[in-house]
Amino acid sequence: MTYIGIIITFVFITNFIFTRFLGLCPFIGVSKKVDSAVGMGFAVIFVSSIAALVTWVIFNLILVPLNITYLQTITFILVIAALVQLVEMMIQKISPELYRALGIYLPLITTNCAVLGIALIAVQEEYGVIESFVAGFSAGAGFLMAILLMSALRERLDREDIPKAFRGAPIAFISAGLMALGFMAFDMTLLKNLIG
Amino acid sequence: MKIKEFTKGLFRENPTFVIMLGLCPTLAVSNQVVNAIGMSAAVLFVLLGSNIIISLLKNFIPDKVRIPSYIIVIASFVTIVDLVMQAFIPPLSESLGVFVPLIVVNCIILGRAEGFANRHPVSSSILDALGMGLGFAMGLTLIALFREILGAGMITLFPLPFDFIDEKGQIFIPALRDAPAGVFIAPAGALLVIGLLKAFFNQIELKQEWIREKIRRLGKKKPFSPKEKKGAEA
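Since this is a predicted model, take the numbers as computed values, not measurements. (Residues numbered from 1 in each chain as written. Chains lettered and ligands numbered in written order. Predicted model: local features only at pLDDT ≥ 70, side-chain atom pairs only at ≥ 80, totals over all residues. Heavy atoms only, no water.)

1. Some remarks on the interface of chain B and chain A
Then, number 1: Opposite the 36 residues of chain B that make contact, chain A presents 35 residues.
Then, number 2: Contact between chain B and chain A buries roughly 3000 Å² in total, counting both sides, with carbon and sulfur atoms accounting for 87%.
Then, number 3: The three residues of chain B that bury the most area against chain A are C24, V105 and L191 of chain B, which together make up 20% of that side's buried surface.
Then, number 4: For the pair chain B and chain A, the interface holds zero salt bridges.
Then, number 5: Here chain B is connected to chain A by one residue pair in polar contact (both at pLDDT 80 or more).
Then, number 6: Only α2 (23-28), α4 (66-88), α6 (107-115) and α9 (187-221) of chain B provide two or more residues apiece to the side of chain B that touches chain A.
Then, number 7: Per-element accounting of the side of chain B that touches chain A gives the leading share, 13 residues, to α9 of chain B.
Then, number 8: Counted by class, the side of chain B that touches chain A contains 29 nonpolar, six polar and one charged residues. (Contact = heavy atoms within 4.5 Å. Buried area = accessible area lost by both parts, 1.4 Å probe. Salt bridge = Lys/Arg side-chain N within 4 Å of Asp/Glu carboxyl O. Polar contact = N/O pair within 3.5 Å; in protein donor to acceptor, adjacent residues only side chain to side chain. Helix = DSSP H or I, 4+ residues; strand = E, 2+ residues; numbered from the N terminus. Nonpolar A, V, L, I, M, F, W, Y, C, P; charged D, E, K, R; others polar.)

2. Considerations on the side chain of T156 of chain B
Residues and elements named next belong to chain B.
Then, number 1: Inspection of the secondary structure assignment puts T156 in strand β1 (residues 154-156).
Then, number 2: A polar side-chain atom of T156 sits 2.4 Å from a polar atom in the side chain of E148.
Then, number 3: In contact with T156, not counting residues within four places along its chain, are Q32, V33, V34, E148, G169 and Q170.

3. Considering the packing of helix α3 (residues 33-57) of chain B against α6 of chain B
Residues and elements named next belong to chain B.
Then, number 1: The contact between α3 and α6 brings their axes to 10 Å, and the two run at 20°. Judged on the interaxial angle alone, α6 and α3 are roughly parallel. In the crossing of α3 with α6, the sense of the turn from one axis to the other is right-handed. Contact residues: α3 offers V43, V46, L47, S50, N51 and I54, while α6 offers I108, I109, R112 and A113.
Then, number 2: The class makeup of the residues in the contact of α3 with α6 is seven nonpolar, two polar and one charged. (Axes fitted to C-alpha atoms, helices over the stretch in contact; angles between N-to-C directions. Parallel < 35°, antiparallel > 145°, perpendicular 65-115°, else oblique. Left-handed = near helix turned anticlockwise from the far one by under 90°.)

4. Brief notes about the packing of helix α1 (residues 2-13) of chain A against helix α7 (residues 129-157) of chain A
All names here are of chain A.
Then, number 1: Look at α1 against α7: their axes get within 7 Å of each other, and the N-to-C directions meet at 30°. When the axis of α1 is compared with that of α7, the two are roughly parallel. The way α1 lies across α7 gives a crossing that is right-handed. Taking contact as the criterion, the partners of T2, Y3, I6, I7, F10, V11 and F12 in α1 are, on α7, I130, E131, V134, A135, S138, A139, A141, G142 and M145.
Then, number 2: Of the residues contributing to the contact of α1 with α7, the split by class is twelve nonpolar, three polar and one charged.

5. Some details on the packing of aromatic side chains
Then, number 1: In this structure the tally under the stated criterion is ten aromatic pairs over all chains.
Then, number 2: Between F10 of chain A and Y127 of chain A, the aromatic rings sit 6.5 Å apart at their centres with planes inclined by 70°, giving edge-to-face as the arrangement. Note that F10 of chain A is positioned in helix α1 and Y127 of chain A in the loop between α6 (113-124) and α7, a separation of 117 residues in sequence.
Then, number 3: For F10 of chain A, a relative accessible area of 2% gives the class buried.
Then, number 4: Looking at Y127 of chain A, the relative accessible area reads 16%, which means it is buried.
Then, number 5: Considering the side-chain rings of F45 of chain B and F77 of chain B, the 6.0 Å spacing of their centres and the 75° angle between planes classify their relative orientation as edge-to-face. (Phe/Tyr/Trp six-rings, centres within 6.5 Å; stacked < 30°, edge-to-face > 60°. Buried < 20%, exposed > 50% of the residue type's maximum accessible area, 1.4 Å probe, protein only.)

6. A short note on the pattern of salt bridges
Then, number 1: Applying the stated criterion across every chain, the model contains six salt bridges over all chains.
Then, number 2: In this structure, D161 of chain A engages R167 of chain A in a salt bridge whose closest nitrogen and oxygen atoms are separated by 3.9 Å.
Then, number 3: What makes D161 of chain A exposed here is its relative accessible area of 71%.
Then, number 4: The shortest N-O distance in the salt bridge between D63 of chain B and R66 of chain B comes to 3.8 Å.
Then, number 5: When its relative accessible area of 57% is taken as the criterion, D63 of chain B is described as exposed.
Then, number 6: Each of D63, R66 and E114 of chain B takes part in one network of salt bridges that share partners.

These figures capture arrangement, not role.
Right, dumping it as structure tokens:
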């Protein structure tokens, strides 16, 4: 049951984009087309679930026994950077098209706060190893959902007659704001009603 | 010439409103002015430190491993800030939470390292860091002011010895205090405020362009050609 709770929490209640504001740069940058948004979303799911797992192992099996937990920020960011490099090489090999579409944003997953964020949050919440993995996966899934909704919206917005000053980023932010208002409906009471 | 390195970060290349980098902390910690100021100070310190170190090391870091090296330099400064904040200002550290270690992935800092500090001398890098850091602080504080005034009807600062600030460092705004628009404190409000502010600055930009265009056209007309004069008289 706790796993379902974690999934619902990270996908809906504390959605990384709409309530925690983690990973906004790619959210605004790559959400112009649905295809690239989907690619980015899956890349984030992949990296964040593996990152959550690997950082849990490193934190609890290396940093805690050696009593050097103050090095967590440095260690986590290096592990994530290496992981992103791996994913980048994989995507380049498997689907060069997708690789071209994601362009400069793939290396930028390294500096995507969502991935480092989930690693730090999992440590802070003292999740177990499977819980960390599930949290990483569902945080990525929440990101995918948000960026998918946003890109579908923006493809339609492109055809609308928007005042000049609002074109591009401003209207994207305002639409995201309205979506975030909708997401305020998901809260802890809802979770309690759902799974008791 | 050099002063330009400082001022460009404040307005023309403002990190928050023009190049739009480092948005995650901007939106997440802008619910109280005091958080915004604390975050700005932390970012300014890290940016200054990393720009100085990277500028000093620019001839020693091999090109292939430069990004990981920059990240390590930045992460060390972030760890310093994080530990200092936990030790000396625990309430601020508590309310900023996970966003203090997340300064590592603030795109402004890596952006300045990669885009400026690795090919400029130390003195310009310091000016650049100060300008960018203060530009970030301005943007963040502006958003926080809007959100807290509209959403909670008050401004939270540090406890200061002035009459209008109470012992918790809060300034209350009379009419808004009774009926604040809570949506601005909620996460949705942050996105709305930054969208509207960005549109506002775009509008100013467009207006200025329009005026410049007008002046340019007038300037073209002024050296009067006889043809045009005739047309005007007719």
